[in-house]
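# Chain and residue survey
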Amino acid sequence: MASSLTKDSVTPGTPGSEKTFFGHPRGLATLFMTEMWERFSYYGMRALLPLYLVAPGGLHLSAATATAIYSVYVSLVYLLALPGGWFADRVLGPRKTVAVAGVIIMVGHLTLALPTSGTFFAGLGLVAIGSGLLKANISTMVGHLYNGPDDPRRDGGFTLFYIGINLGAFAAPLIIGTVGESVNWHLGFALAALGMALGLVQYLLGSRHLNARSSHVPTPLSAEEKTATLRKSAMWAAVAVVFYAIVGFSGHYTLNWLLVPITVAGLIIPVMVIARIKRDKALDRVEQSKMSAYIWFFVAAAVFWMIYDQGGSTLSIFADSSAKNTIFGWNFPVSWYQSVNPVLIMALAPVFAWLWLALNRRGKEPSTATKFASGLLLIGASFFLFLAPLAIADGGHKAAAMWLVAIYFVQTVGELTVSPVGLSVTTKMAPAKYASQMMGVWFLAVTAGDATTGLLSIAGVDLNKTGIVALEATLAAVAGVAVWMYRKKVKELMGDVH
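Residues numbered from 1 in each chain as written. Predicted model: local features only at pLDDT ≥ 70, side-chain atom pairs only at ≥ 80, totals over all residues. Heavy atoms only, no water.

### Some details on the environment of Pro389
Along the polypeptide, Pro389 turns up in helix 13 (residues 368-394). Pro389 sits in the buried class, given a relative accessible area of 0%. C-alpha separation for the pair Pro389 and Leu187, spaced 202 residues apart in sequence, amounts to 32 Å. Setting aside chain neighbours within four positions, we find Pro389 in contact with Phe318, Ala399, Trp403 and Ile407. (Helix = DSSP H or I, 4+ residues; strand = E, 2+ residues; numbered from the N terminus. Buried < 20%, exposed > 50% of the residue type's maximum accessible area, 1.4 Å probe, protein only. Contact = heavy atoms within 4.5 Å.)

What follows is the structure in structure tokens.
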């Protein structure tokens, strides 16, 4: 579809450009495809990760260690979104930062493809760093394509962008998972690198369609700040190198020397960031009140993601060892379970969007607190449902695949009452001073949730046991009831935010 304006009458990539993408700025196609391929590489590798860690032909680790590594990795990706946003704001700008991120992610997947354990963990680190740099900035560039928050096409643009995320996430386990499980693990990781390479090439070719604001560095570091930042970074890097050299050469090094510090950081940093904002005396009374309400949503989200992200670790490892992964007599790879959530998201997200609007017109739309309470109850219900296949497995039988599909379905419905609502309320309740940082703060809820799972696994807790699954389900249900009981108090604290 083309607009009636001539090609030379506007800046390419801005509203009104001649070439459009489903009626949106042409630059949206570039970002849509970049995110789709990046998610293809990320979710394909993530679907293989826990299976490779426990496989005899992989690293052959225990289920607890595999869950710890998986959880720490996901926690780190979201933790690094905060410095990723800072790096774009102060050093390179979003456009160049995303290009650098793509290269780092691609190199990380290639490193994972090398058949040694040492390079494997180095590859995980590189993918986490690259994902943190990209995640924080590509959504910002989508926003740059529109004429501010009041542009009527803005919400539709982000919806299309969200579809790109889920298309990549849906296809990845079916392709990368199949090759990794059925042919060769490392070939699967190499396919993830190929996916990111395709995304990077089309991003570089299509970046001319992006808005000029995406190349701008909003608050560049001064020469003095650059020197100080480099000095501090070099100092901390030297401390880490010396510390791990001493531990390694003394013969005391184990994987926990790496996992524990990251896990503890994943729990402490979110608390420190929230506390720093809450203590800021520059915030007025209304902003302080909104931050008090936001803490409720943050804690609720951390509990939610603690359970939800086990869909890629605890449930996947259970499916590998204790489920009949067949439908109508046809066997399928375990990694295919990871395609259930994205396809359900694409099917159900429009239904929920319509439902909230329909209820709003009638004055019956649930409050944000009620939606969060529902999400917590649903994520708790999914783990109560998990008790059934666990009991079947304890009886010496293989659980049917549809038990796991049902769990993913309940979790997806819960996600749709928490994730998009949380993103929205984060932007609405952010103090003006922290407007650009609050999305990174929201991601820290995922960090805290996954770090908790990682800490439990490091402590040797078997998350595939009936007792711990029931305990987690009960925790989520109690948290959901607490949010619902205090919903009026939370609504008061939110002030004019609805």
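So, next bit.
### What to know about the side chain of Ser457
Tracing the backbone through its elements, the reader meets Ser457 in helix 15 (residues 438-458). With near-sequence residues (within four places) excluded, Ser457 lies in contact with Ala64, Thr67, Ala68 and Leu463.

### Focus on the packing of aromatic side chains
The full count for this structure, using the stated rule, is 26 aromatic pairs. Between Phe304 and Tyr308, the ring centres sit 5.6 Å apart and the planes meet at 20°, which makes this aromatic pair stacked. Here Tyr308 and Phe304 lie together in helix 10 (residues 285-308), a separation of four residues that amounts to about one turn. Linked through ring pairs, Tyr52, Phe120, Phe121, Trp185 and Phe189 together constitute an aromatic cluster. (Phe/Tyr/Trp six-rings, centres within 6.5 Å; stacked < 30°, edge-to-face > 60°.)

### Observations regarding the packing of helix 10 against helix 13
Angle between the axes and distance between the axes: these two values describe a pair of packed helices. Running from amino to carboxyl end, helix 10 crosses helix 13 at an angle of 25°, the nearest separation of the two axes being 10 Å. The orientation of helix 10 relative to helix 13 falls into the category roughly parallel. Viewed along their axes, helix 10 and helix 13 form a crossing whose handedness is left-handed. Taken together, the residues of helix 13 that come into contact with helix 10 (itself represented by Phe297, Ala300, Ala301, Val303, Phe304, Ile307 and Tyr308) are Thr368, Ala369, Phe372, Gly375, Leu376, Ile379, Ser382 and Phe383. Residue classes in the contact of helix 10 with helix 13 are distributed as twelve nonpolar, three polar and no charged. (Axes fitted to C-alpha atoms, helices over the stretch in contact; angles between N-to-C directions. Parallel < 35°, antiparallel > 145°, perpendicular 65-115°, else oblique. Left-handed = near helix turned anticlockwise from the far one by under 90°. Nonpolar A, V, L, I, M, F, W, Y, C, P; charged D, E, K, R; others polar.)

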